[in-house]
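Observations on the model geometry
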Amino acid sequence: MDLHILEHRVRVLSLARRGLWLYTHPLLKLLFLPQRCRCKFFSLTETPEDYTIMLDEEGFKELPPSEFMQVADSTWLVLSVVSNGRAPSGCQATGVTKIARSVIAPLAEHHVSVLMLSTYQTDFILVRERDLPVVIHTLAGEFDIYKEESGECVPVTCDDVSNGFLKPKPAASPTLHPVQSPQTRFCVLTVAPDTLPAIATMLIDVLFYSHSPPREAGAGSQDLDSITFFAFSLIEGYISIVMDAETQKRFPSDLLLTSSTGELWRMVRIGGQPLGFDECGIVAQIAEPLAAADISAYYISTFNFDHALVPEDGIAEVIQLLQQRQESGR
């Protein structure tokens, strides 16, 4: 397998729900007119606490600073695992579990913090730009590594980054965070870019007007019967949407594309209190046991919490696996 370091340099930020009105115009531009701002990597995830936005530098220029926006201090690079020289296409049935052992676990062992963004088409691993030398040295034995430059794939070796490489400090034992599983059922969908205008009105209504009351950032400590969660990404022309099954009913069914099985997904939400960007092993905490059990999953990191989506019929097994991991880690 190959590991590609994509050209995107991504900023990660939190937008307070009460400040959404200030960003309506730039977000509409990013959602529906990306060519006007040359943004090629854009992801927006609504949670009960806030909106998490991941976007490249061109997109970031569109967002005015304000008291409602909190920006992570690091710039993140985007990694993608490519099989047989071709980027994956179509719905990825196993999601993040495919790369848990080969990418996520080794990086956690070398004290590299990662963010994950699973989409309908593929999975993206985000690492901080300053950690790139450690990433390359850690994964070079498992992957042929390439860096995309001006549309070309250039091979990368350990020698290319040796000047910036510092042997990582031994990682402390990762904190085993509590997990919750709300009863909400989710769909993972895509839509053809040329049909996006046909659902624009509904998307605007869902994102900007269908709001539940804001919760405090520490609300993850509560038991959740249901959860507000909506994710939209537009990355290099490919659209991916995660929405709950009730929200899906509001959209024209003939325009939303899903897997042939049309299966529904349940969420595992990680973190009793907001997670920190410096903490390592959070993704591995979920991905490793699911990979060992060959359970498919999508994984979406947000500014405060992490979220894994697993097939609805497997949620009981997943909760049992994670509870066993919690107990064995005590």
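Residues numbered from 1 in each chain as written. Predicted model: local features only at pLDDT ≥ 70, side-chain atom pairs only at ≥ 80, totals over all residues. Heavy atoms only, no water.

**Considering the packing of helix 1 (residues 24–32) against helix 6 (residues 200–208)**
At a closest axis distance of 12 Å, the pairing of helix 1 and helix 6 adopts a crossing angle of 135 degrees. Put simply, helix 1 runs oblique to helix 6. When the axes of helix 1 and helix 6 are compared, the crossing they make is right-handed. Each of T24, L27, L28, L31 and F32 in helix 1 lies in contact with helix 6, whose residues at this interface are A200, L203, I204, L207 and F208. (Axes fitted to C-alpha atoms, helices over the stretch in contact; angles between N-to-C directions. Helix = DSSP H or I, 4+ residues; strand = E, 2+ residues; numbered from the N terminus. Parallel < 35°, antiparallel > 145°, perpendicular 65-115°, else oblique. Left-handed = near helix turned anticlockwise from the far one by under 90°. Contact = heavy atoms within 4.5 Å.)

**A word on the confidence of the model for the protein**
Summary statistics for the protein give a mean pLDDT of 84 and a share of 82% for residues scoring 70 or more. No element of the protein has a lower mean pLDDT than helix 8 (residues 282–292), which averages 81, and none a higher one than strand 2 (residues 41–46), which averages 97. Counting contacts from residues 88–94, a segment whose pLDDT is below 50, to residues more than four positions away or on other chains yields 17 contacts. (pLDDT = per-residue confidence, 0-100.)

**Section: the pattern of salt bridges**
Scanning all chains against the criterion turns up 11 salt bridges. Close ionic contact of E58 with R38 constitutes a salt bridge, the shortest N to O distance being 3.6 Å. In this pair, E58 sits in helix 3 (residues 57–60) while R38 sits in the loop between helix 2 (34–37) and strand 2, placing the two residues 20 residues apart along the sequence. E58 is the partner of K61 in a salt bridge, and the nearest nitrogen-oxygen pair spans 3.3 Å. (Salt bridge = Lys/Arg side-chain N within 4 Å of Asp/Glu carboxyl O.)

**Some details on the packing of aromatic side chains**
Two aromatic rings, taken as a pair, are described by how far apart their centres are and by the angle between their planes. A complete count under the given rule lists four aromatic pairs for this structure. Each ring, one from F41 and one from F124, has its centre 5.7 Å from the other, and the planes form 70 degrees; the classification is edge-to-face. Linking F41 in strand 2 with F124 in strand 7 (residues 123–128), this pair joins segments that are 83 residues apart in sequence. Residue class for F41 comes out buried when judged on its relative accessible area of 0%. For the pair W265 and Y298, a centre-to-centre distance of 4.8 Å together with 80 degrees between the ring planes defines the contact as edge-to-face. Here the residue W265 occupies a position in strand 14 (residues 265–270), and Y298 occupies one in strand 15 (residues 298–301), the gap between them amounting to 33 residues. Exposure class is identical for W265 and Y298. Each is buried. The positively charged end of R11 is found above the aromatic ring belonging to F60, 5.1 Å away from the centroid. Above the plane of the ring of F305 lies R269, whose end atom (NZ or CZ) is 4.2 Å from the centre. (Phe/Tyr/Trp six-rings, centres within 6.5 Å; stacked < 30°, edge-to-face > 60°. Buried < 20%, exposed > 50% of the residue type's maximum accessible area, 1.4 Å probe, protein only. Lys NZ or Arg CZ within 6 Å of the ring centre and 35° of its normal.)

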